[in-house]
Amino acid sequence: MKKNHHKNQKLHLVFLFLGLLASEMGFTQITGSLFMLPNNFYSQIYNPSYMRTDKAIEFSVAGLGGFSFINQGSFKISDLITTPNGSPVIDIDNFYKNIDENNFIRQDLAVPMAFVSIPVKKGVYSFYYKENFNSVLKFKKDLIEFLVNGNIEPEYKNFNSNAIKVLTTGYREFAFGYARKLKKKLDGGIHAKLLFGAALLDADNWNYGIETSNDASIINFLSDGYGHLMLPIPIVLRSDSTIHSIDSEKAFSKYMRAYQNSGFAIDLGINYRINKKSSFSAAVRDLGAIWYSYNANYLKQNDRYGYIGFDMVSAVRWPEEAGYTDPNVLIDFLKDSIRNIWQPHVVESNFVFNLAPKTVLHYQNAFSDNLSLGITNQSSFQKNNFQNILTVSALQSWPNLSVFENMNLHGVSDISLGGGIQYEGDFFQAFFATDNLIAFYHPANNKTFSINAGICILLNHKKAVDPEKDIHKKGMKKRKKPSKGLNPKGNKKLPRIKKVSDVFTPGKGDNY
Amino acid sequence: MKIFLNKYPYPVFLLFAVLLFQSCKTDEFKFNEITLKEDWGIDIIMPLFTGKDKNGNVLEFRDFIHDWKQPIPDLPGTKTVLDYSNSPDVTIPTSLIFDSSTVIDSFHFDVQGIYKLSEITLQFTVSNSCPFPLNLQLQFFNKSNPGNLGPPILPPAFVGANFNQIPVKPSTSVFSLDLDSLQVQSINNGNRVKFNSWFDETDYINQNDTIYAHYPIDVLIVVIGKFQVK
């Protein structure tokens, strides 16, 4: 019986792993250092087990809620845009020399439009509404080859772009969360998320090719690929089901009102306090999918056209002789034929889009009242690979202020240095974090950078106190009056710091 | 202030460093300032004009004699009969064959948008089955001044077939013509092209007063050049 149970567990793990591999492109991490701050409202969004323990209510709305932005690529913008004479120019040759065989660039923008966290007797309820917009382009060096080498030399007469992948998604999530203490040292949390897909373009393994005959009497244009498309605005099709135009009138308004394609996902998280100084947390996010049925289309492209030049025969013989066509019509036909090579056919079709599961693993240790060190690993699983960011953080804490620095390893080769700051007053919390400070000064010379910033309002939040100062005052008996906000009734309780340590994360500048 | 500095020395230092670095901001540019590198271009080879259509029809001797939309001029001198296979023969002034005629007066051709061609070589490949060397000349009309014709682009004559050998085999000539800057400019600024053609006289005309109209003349004009953004 026990053996069967283990076997089932292993099977579940295998299926979970296969599920992760089968998912689509991955997105969305925040600066790893933020997981050092369990009372930070972004870290609570990205790890459902994180919560405040000081009974404060948090809320934020669009504008205050800030944003999370990531730009990540396998190349630097300065590889593509150079300034040889002081003016920025697109330098294809330099780009070709500096890029890898396999390349990608992605941008990810997440904007919390509303966030609220309300403590209850045994835990914390939370809700947030977040807009997500992601874009990824993956391409091989072959794509640039034609732009650099052309098709004159014999070795470059044939060209194939080879497996271009484009994924652009816009979706919103409404998350209902609950976090609570499960055991003395263990917190757990869950987000159940309603998802609404607002836009999607998923072009998978797209190939464009050119074949030149030896005497250049014919050039074959080739294209091949498939994918999915969903737009909240009308697509006007030609009779051959290629896209004629897209009606972009009131596009933003229609995007924001697109709730027809729904989905569901869950996030799970735990936070385990190993001892009074160290803790470990983990989260698995975005286990779910969006079902696209409204304006959902299947894209397909598999065309070939042989271009032999402008037809002089019709130009000479039309209209005197039967069987020939007006050369101007032929030119239009030729242009359309070449253009159609690049235009996919669109067929209405429902589809399911799996979100890319992400994991967060975090460990931190307090070395003193003011200094903690932590290590965070964020992974995002894709169809054929996964993206990984390993962050080592140092956190300095004061009663109202937290300052952190981090070193980030993106994948296996790129390192960035970042940092940030969080201020928490009586009535609000504000933070700013980045994983690449240098990018602010040399944005084009950095492959990756992220920015996270936001403000949330705190209600029922007691003013934090510098425990050292408080203890000192009590020890010296210089002041009989109890500390403001800590012990308003003036009873002879021990200083609040002890209680704070017990609960580990009491909103006193994360100084545990 | 002093208390603040003593209390938060590290954050104050960090803030100071950020402000200091802010003055060192580099590689800052606006998107609308970005242009394509001036000397960048794609080296391309592609067919430009073809004398063979997708149905297998090939240009013939008769096509290079006269623009048949126009009436046949009444010129003095000898006459030659063009022997048509599926229609009545046509008698023309012999000089019409050897004088320059506009066979295509206005063929739409436009390097559109923001692109241009440079360092152009036109490669002419002509397989001539008729008994006379063929001359083929191109001129581009200026798109902003339609009455303005660009400089002529004229390769050497394409050798005719040798009718002294039986069976008669077509002669294939390949000429590459490097265009000068004015010719390149006329292509980039043009929107239509005019083709003129004529044949060089040989003894064949003195020995024959009837010539088969359908000798195939296969023409391929390939452009080799750099495709650039203006």
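Sequence order sets the numbering: in each chain, residues are counted from 1 along the sequence as written. All chains are assigned letters beginning with A, and all ligands numbers beginning with 1, in the order in which they are written. Only residues with pLDDT of at least 70 are given local features in this predicted model, and only at 80 or more are side-chain atom pairs given and counted; all residues enter the totals for whole chains, interfaces and linings.

1. Quick notes on the overall build of chain A
Put simply, the rule is: Under the DSSP-based scheme used, a helix requires at least four consecutive residues in state H or I and a strand at least two consecutive residues in state E, with every element numbered from the N terminus. We call a residue exposed when 12 or fewer other C-beta atoms sit within 10 Å of its C-beta, buried when the count reaches 20 or more, and partly exposed for counts in between; the C-beta positions come from the backbone. Note that contacts rest on C-beta atoms placed from the backbone: two residues are in contact if these are within 7 Å.
For chain A, the count of helices and strands is 10 helices and 25 strands. The burial tally for chain A puts 39% of its 512 residues in the buried class. Long-range pairs, those at least 24 residues apart, make up 67% of the contacts in chain A between residues at least 6 apart in sequence.

2. With respect to the overall build of chain B
A count of helices and strands for chain B gives five helices and 11 strands. Nonlocal contacts in chain B, meaning residues at least 24 apart in sequence, comprise 80% of its contacts between residues at least 6 apart.

3. Digging into the pairing of strand β24 (residues 428–434) of chain A
Residues and elements named next belong to chain A. Let me state the cut-off plainly: The rule for pairing is simple: two strands pair if DSSP sees at least two bridges between them.
Pairing geometry for strand β23 (residues 414–424) and β24, over six bridges, is antiparallel. Each bridged residue has a counterpart across the sheet, and for Glu 424 the counterpart in β24 is Gln 429. Turn length for the β23-β24 hairpin, with the two strands adjacent in sequence and antiparallel, is three residues. Note: β24 against strand β25 (residues 448–459), seven bridges, orientation antiparallel. Following the sheet pairing, Thr 434 is matched in β25 by Ile 451.

4. Quick notes on unusual backbone geometry
With an omega of 5°, the peptide bond running from Trp 318 of chain A to Pro 319 of chain A counts as cis. Its location among the elements puts Pro 319 of chain A in the loop between α7 (312–317) and α8 (327–341). In this structure, Pro 167 of chain B follows Ile 166 of chain B across a cis peptide bond, with omega equal to 0°. Within the fold, Pro 167 of chain B resides in the loop between β7 (134–142) and β8 (171–178). Positive phi is not limited to glycine here, since Ala 216 of chain A has a value of about 60°. Inspection of the secondary structure assignment puts Ala 216 of chain A in the loop between β9 (186–212) and β10 (219–230). For Asp 286 of chain A, which is not glycine, the phi dihedral falls at a positive 60°. Among the structural elements, Asp 286 of chain A can be located in strand β14 (residues 278–292).

5. What to know about the interface of chain B and chain A
Tallying the contact residues gives 42 residues for chain B and 44 residues for chain A. At the level of elements, α2 (9–22), β1 (35–36), β2 (42–50), β5 (101–108) and β11 (217–229) of chain B are the ones that each hand at least two residues to the side of chain B that touches chain A. The element contributing the most residues to the side of chain B that touches chain A is β2 of chain B, with nine residues. Pairing of strand β16 (residues 310–311) of chain A with β2 of chain B, which is carried by two bridges, proceeds in the parallel orientation. Within β2 of chain B, the position partnered with Phe 310 of chain A by the bridge is Phe 49 of chain B.

6. Remarks on the nonpolar core
The line we're drawing: For the purposes of this analysis, a nonpolar core is taken to be any set of buried Ala, Val, Leu, Ile, Met, Phe, Trp, Tyr and Cys residues that are connected through C-beta atoms within 7 Å.
Core analysis: the largest hydrophobic core is formed by 47 residues, its most contacted members being Met 312 of chain A together with Leu 122, Leu 134, Ile 217, Val 219, Ile 221 and Val 222 of chain B. Going through the elements one at a time, α7 of chain A together with β2, β5, β6 (115–128), β7, β9 (190–199) and β11 of chain B are the ones with two or more residues in this core. A per-element tally of this core places β11 of chain B first, with seven residues. Excluding residues within four positions of it along the chain, Met 312 of chain A makes contact with Phe 49, Thr 50, Gly 51, Leu 59, Ile 104 and Val 219 of chain B.

7. Some points on the sheet that holds strand β10 (residues 210–212) of chain B
Residue and element names in this part refer to chain B. Quick reminder of the rule: Only C-alpha atoms enter the line fits that serve as axes; for helices the fit covers just the stretch in contact. Angles between N-to-C directions range over 0 to 180 degrees.
With mixed pairing, three strands are arranged side by side in an open sheet as β4-β3-β10. Where the open sheet ends on each side, the last strands, each with one partner, are β4 (90–93) and β10. Here the average twist between neighbouring strands, direction ignored, is 35°. Note: strand β3 (residues 79–83) against β10, three bridges, orientation parallel. What sits directly across from Val 81, in β10, is Thr 210.

8. Examining the sheet that holds β16 of chain A
Pairing within the open sheet is mixed, and its five strands lie in the order β16(A)-β2(B)-β11(B)-β6(B)-β8(B). With partners counted over all chains shown, the strands left at the sheet margins are β16 of chain A together with β8 of chain B, one partner each. For β2 of chain B and β11 of chain B, the ladder comprises eight bridges, and the chain directions are antiparallel. Note that in β11 of chain B the partner of Met 46 of chain B across the bridge is Val 223 of chain B.

9. Focus: the environment of Asp 74 of chain B
Among the structural elements, Asp 74 of chain B can be located in the loop between β2 and β3. With 6 C-beta atoms counted inside 10 Å, the residue Asp 74 of chain B sits in the exposed group.

10. A few points about the environment of Trp 198 of chain B
All names here are of chain B. Here Trp 198 lies in strand β9. Trp 198 sits in the buried class, given 22 other C-beta atoms within 10 Å. Distance from Trp 198 to Thr 102, taken between C-alpha atoms, is 9.0 Å for residues 96 residues apart in sequence.

11. Overview of the confidence of the model for chain B
Low-confidence regions, as indicated by low pLDDT, have predicted coordinates that should not be scrutinised in detail. Just so we agree on the cut-off: Values of pLDDT, ranging from 0 to 100, describe the predictor's confidence in every residue of the model.
Scored by pLDDT, chain B comes out at a mean of 87, with 87% of its residues at no less than 70. Here the predicted complex scores 0.76 on pTM and 0.85 on ipTM.

12. With respect to the confidence of the model for chain A
Residue and element names in this part refer to chain A. Of the residues in chain A, 84% reach a pLDDT of 70 or more, and the chain-wide mean stands at 83. Ranking the helices and strands of chain A by mean pLDDT puts strand β13 (residues 261–273) first, with 96, and helix α10 (residues 496–503) last, with 42. Note on residues 468–512: pLDDT is under 50 here. Beyond four places in sequence and across chains, it has 67 contacts.

13. Describing the environment of Lys 277 of chain A
Residue and element names in this part refer to chain A. Counting through the fold element by element, Lys 277 comes out in the loop between β13 and β14. Put simply, Lys 277 and Ala 366 are 89 residues apart on the chain and 4.9 Å apart in space, counted from C-alpha to C-alpha. The residues contacting Lys 277, other than those within four sequence positions of it, are Asn 365 and Ala 366.

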